[in-house]
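One-letter residues, chain by chain:
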Amino acid sequence: MTQLRLGTTAGRATLAAAVLASGMAFLDTTIVTVALPAIGEDLSAKLSGLQWTITGYTLTLAAFVLLGGALGDRHGRRKIFLVGVGWFTVASIACGFAPTIEILIAARILQGVGAALLTPGSLAILQSSFAPSDRARVIGAWSGLSGVATAVGPFVGGWLIDALNWRAVFFLNVPLAVAVFWLGRRMPESRNPVARHTRFDVAGTVLGALGLAGLTYAMIATPEEGFGSPAVWAGFAVGLFCLVTFVAVERRRSRPGVGISDREGRPRIIAMMPMSLFRSRTFSLLNAYTVVVYGAMGGLLFFLAIQLQTVSGYSALEAGIATLPMTLLLLVGSGRSAALAARIGPRPQLVIGPLLCVAGTLLLLAVDENTLYWRDVLPGAIVFGLGLTAQVAPLTASVLSAVDDTYAGIASGINNAAARAASLLAVAALPMIVGLAGAAYANPEAFDSGYHQALLWCAGGLAVGALLAAFLHPPRRTPPSA
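Looking now at the side chain of threonine 361. With respect to the secondary-structure elements, threonine 361 resides in helix α14 (residues 347-363). Here threonine 361 falls in the buried class, since its relative accessible area comes to 0%. Residues contacting threonine 361, with those up to four places away along its chain left out, are Leu300, Phe384, Leu455, Cys458, Ala459 and Leu462.

Okay, structure coming up:
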């Protein structure tokens, strides 16, 4: 297959399509957060309903992103990528027309499935299609611009909510999808040739989804139903049982020395999460790092968006503008960050990045009912943005460098699943930990207390990420034997 170069028309179109599509998926992890107070007021939702509006999306994204990577490896990454874009767009339209919080949550769950199909494909296409000499720059550009889409979400969402209403944040995806389909005409097709002779890991997919769903339900329900509720205990039990069983199933399907066929000559089931990949110490540490860092970031963005509106009295647009420095720093610095990591190795930036985010998080503790933007919000947003800039591109490149190119789709899927599951569980768990429930998101005094406690937990998670990064070694390719 002819490898693309970044300076060609096809190379630029492929990168643009991947960035726009993954940007849509990442945008919807943050753009909806700033809309939560408006959604709650319009649809008369409780805090649990708002949590499910966020976690319903990240649940199916985290649970099925591994399947999305496997489908792309087998049937064609471009084909599954474009199917995901279409699915995501239709679900976005359903979200925009949702008349109740229950229907909105259901549409968000479907939207997450579409995101799971397109997200791993966007990065795997770049990794497999571009010449090796261009990959660092391409992945750096993808990381930076996709990160910008994540960070710009609150700003764009705030403007749309104030100018129109919260439903407009979902209809925004329609013109973006049209652009992706137009650019996608030049995108090359790629596959993993081994994956064509395998069967899908249905059991692993179902167990992973049920495990995350059980834990999410239990943590969201605990503040309102009480920890002693049979339903809460059932959620915890089902979640833990399914996740433990998931690991056992994946380990059995990752035994070394097994060919592409079983003893009866049938195509072998390929594991959703091949445990052989985790023989790479670097790959294992990078995914643990992703869990703690992205969990902390997801929790902080969730609480900050509501704190600024409920406690500080900001409009949706003002709350979105408050985090704009993070966006600008990612836009300006991600390419340089990727280039620096390529020269000196990723470890220094993966250590410094979370530590800067810790400092930014602690500065944002100053946000309260008497907030002045220049004094209480801007310094924390700048320092936090510098931390994101330092770590986002090096993390993505390091994960892909830790495995052989053949497993780019699966590795990308695993790391995406780790990031989304971490954010999902943080949004579900933090309100439970700090004692928020019901209509607390609309009560300034109650939410302010929970906000400060939650940010301390987020700072702790980021500090753990820095500690994990200190034990990293330069990535080495270690093709799994499974």
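For glutamine 391, the location among the structural elements is in helix α15 (residues 373-401). Residue classification places glutamine 391 among the buried positions, given a relative accessible area of 3%. Apart from the residues within four sequence positions on either side, glutamine 391 is in contact with Tyr289, Val293, Gln349, Leu350, Gly353, Pro354 and Cys357. Here glycine 387 takes part through its backbone oxygen, which lies 3.1 Å from a polar atom of the side chain of glutamine 391.

In this section: the packing of aromatic side chains. For the structure shown, the criterion picks out 6 aromatic pairs. Each ring, one from tyrosine 57 and one from phenylalanine 88, has its centre 6.4 Å from the other, and the planes form 70 degrees; the classification is edge-to-face. A residue pair is termed long-range when its members are at least 10 positions apart, and tyrosine 57 in helix α3 (residues 47-75) and phenylalanine 88 in helix α4 (residues 77-97) qualify at 31 residues. With a relative accessible area of 0%, tyrosine 57 lands in the buried category. On the numbers, 5.1 Å between centres and 65 degrees between planes, the contact of phenylalanine 97 with phenylalanine 171 is edge-to-face. With phenylalanine 97 in helix α4 and phenylalanine 171 in helix α7 (residues 168-171), this pair connects stretches of sequence that are 74 residues apart. On the basis of relative accessibility, which here comes to 60%, the residue phenylalanine 97 falls in the exposed class.

Two numbers describe how helix α11 (residues 281-310) lies on α14: the axes approach to 12 Å, and their chain directions differ by 20 degrees. On the basis of their axis angle, the class for α11 and α14 is roughly parallel. In this structure, α11 crosses over α14, and the sense of that crossing is left-handed. Across from Leu286, Tyr289, Val293 and Leu300 in α11, the residues of α14 making contact are Leu350, Pro354 and Thr361. When the residues that make up the contact of α11 with α14 are grouped by side-chain class, the tally is 6 nonpolar, 1 polar and no charged.

Moving on to the nonpolar core. Of all hydrophobic cores here, the largest spans 126 residues; its most connected members are Ile39, Phe81, Leu104 and Phe303. With 14 residues, the top contributor of residues to this core is α11. In this structure phenylalanine 81 touches Ala17, Ala18, Ala21, Leu117, Leu118, Gly121, Ser122, Ile125, Val180 and Met187, once residues within four positions along its chain are discounted. One finds Leu6, Ala18, Val19 and Leu400 within the second-largest nonpolar core, a separate group that totals 13 residues.

This brings us to a nonpolar patch on the surface. Among the surface-exposed residues, Ile93, Phe97 and Phe171 lie close enough to one another that they form a single nonpolar patch of about 280 Å² accessible area. Tracing the sequence through the fold places isoleucine 93 in helix α4. The exposure class assigned to isoleucine 93 is partly exposed, which follows from its relative accessible area of 31%.

In this structure, valine 383 sits in helix α15. By relative accessible area, valine 383 is classed as buried at 19%. Measuring from C-alpha to C-alpha, the distance between valine 383 and alanine 359 comes to 6.8 Å, with 24 residues separating the pair along the chain. For valine 383, the contacting residues outside a window of four places in its chain are Leu356, Ala359, Gly360 and Leu363.

So, on to the packing of α11 against α15. For the pair α11 and α15, the least separation of the axes is 12 Å and the interaxial angle reads 150 degrees. Considering the angle they form, α11 stands roughly antiparallel to α15. As for how α11 packs across α15, the hand of that crossing is left-handed. Contacts from Phe283, Leu286, Tyr289, Thr290, Val293, Tyr294, Met297, Leu300 and Leu308 in α11 reach Val377, Phe384, Leu388, Gln391, Val392, Leu395, Ser398 and Val399 in α15. Taken together, the residues of the contact of α11 with α15 break down into 14 nonpolar, 3 polar and no charged.

Not every positive phi belongs to a glycine, and serine 44 is a case in point at roughly 55 degrees. Among the secondary structure elements, serine 44 is positioned in the loop between α2 (36-43) and α3.

To continue, consider the pattern of salt bridges. According to the stated counting rule, one finds 2 salt bridges in the structure shown. Arginine 167 is paired through a salt bridge with aspartate 42; the nearest N and O atoms lie 3.7 Å apart. Linking arginine 167 in the loop between α6 (132-163) and α7 with aspartate 42 in helix α2, this pair joins segments that are 125 residues apart in sequence. Ionic pairing is found between aspartate 376 and arginine 375, a salt bridge with its closest N-O pair at 2.9 Å. Judged by relative accessible area, which is 6%, aspartate 376 ranks as buried.

Every α-helical turn comprises 3.6 residues, leaving residues that sit three or four positions apart pointing alike. Those residues of α2 that fall on the buried side of the exposure criterion are Leu36, Pro37, Ile39, Gly40 and Leu43. Buried residues of α2 fall within an arc of 165 degrees about the axis and therefore sit on the same side. Buried positions along α2 lie against α3, α5 (101-129) and α11. Following α2 by one or two positions, serine 44 has its phi on the positive side, about 55 degrees.

Conventions we followed
- For every chain, the first residue of the written sequence is number 1, and numbering continues from 1 along that sequence.
- It should be noted that, the model being predicted, local features are given only for residues of pLDDT at least 70 and side-chain atom pairs only at 80 or more, the latter also being counted only at that level, while totals for whole chains, interfaces and linings use all residues.
- Just so you know, side-chain values use all the structure's heavy atoms and leave hydrogens and water out.
- Helix and strand labels come from DSSP, where a helix needs a run of H or I of at least four residues and a strand needs a run of E of at least two; each type is numbered from the N terminus.
- Relative accessible area decides the class of each residue, using a 1.4 Å probe on protein chains only: under 20% of the type maximum gives buried, over 50% gives exposed, and in between gives partly exposed.
- Only heavy atoms enter the contact rule, under which two residues are in contact if any of them lie within 4.5 Å.
- In protein, a polar contact requires one atom able to donate a hydrogen and another able to accept it; more generally it is a pair of N or O atoms within 3.5 Å, and residues adjacent in sequence count only if both atoms are side-chain atoms.
- Stacked, tilted and edge-to-face pairs are distinguished by plane angle, under 30 degrees for stacked and over 60 for edge-to-face with tilted covering the rest, among Phe, Tyr and Trp rings (Trp via its six-membered ring) whose centres lie within 6.5 Å.
- Simply put, an axis is a line fit to the C-alpha atoms, just over the touching stretch for a helix, and the angle between two N-to-C directions goes from 0 to 180 degrees.
- What sets the label is the angle itself: under 35 degrees gives roughly parallel, over 145 gives roughly antiparallel, 65 to 115 gives roughly perpendicular, and the rest give oblique.
- Here a crossing is called left-handed whenever its near helix is offset anticlockwise from the far helix by less than a right angle, and right-handed whenever the offset is clockwise.
- Under this grouping Gly is polar, as are all residues other than the nonpolar Ala, Val, Leu, Ile, Met, Phe, Trp, Tyr, Cys and Pro and the charged Asp, Glu, Lys and Arg.
- Residues grouped as a nonpolar core are buried Ala, Val, Leu, Ile, Met, Phe, Trp, Tyr and Cys residues, joined through side-chain atoms within 4.5 Å.
- Residues enter patches when their relative accessible area tops 30% and they take part in no salt bridge; the joining distance is 9 Å for like charges and 5 Å for the nonpolar side chains Val, Leu, Ile, Met, Phe, Trp and Tyr.
- Accessible surface is estimated by sampling points in the Shrake-Rupley manner with a 1.4 Å probe; for residues, cover comes only from the protein chains shown.
- Salt bridges are defined by distance alone: a side-chain nitrogen of Lys or Arg within 4 Å of a carboxyl oxygen of Asp or Glu.
- The arc under discussion is defined with respect to the helix axis, by the directions toward the C-beta atoms.

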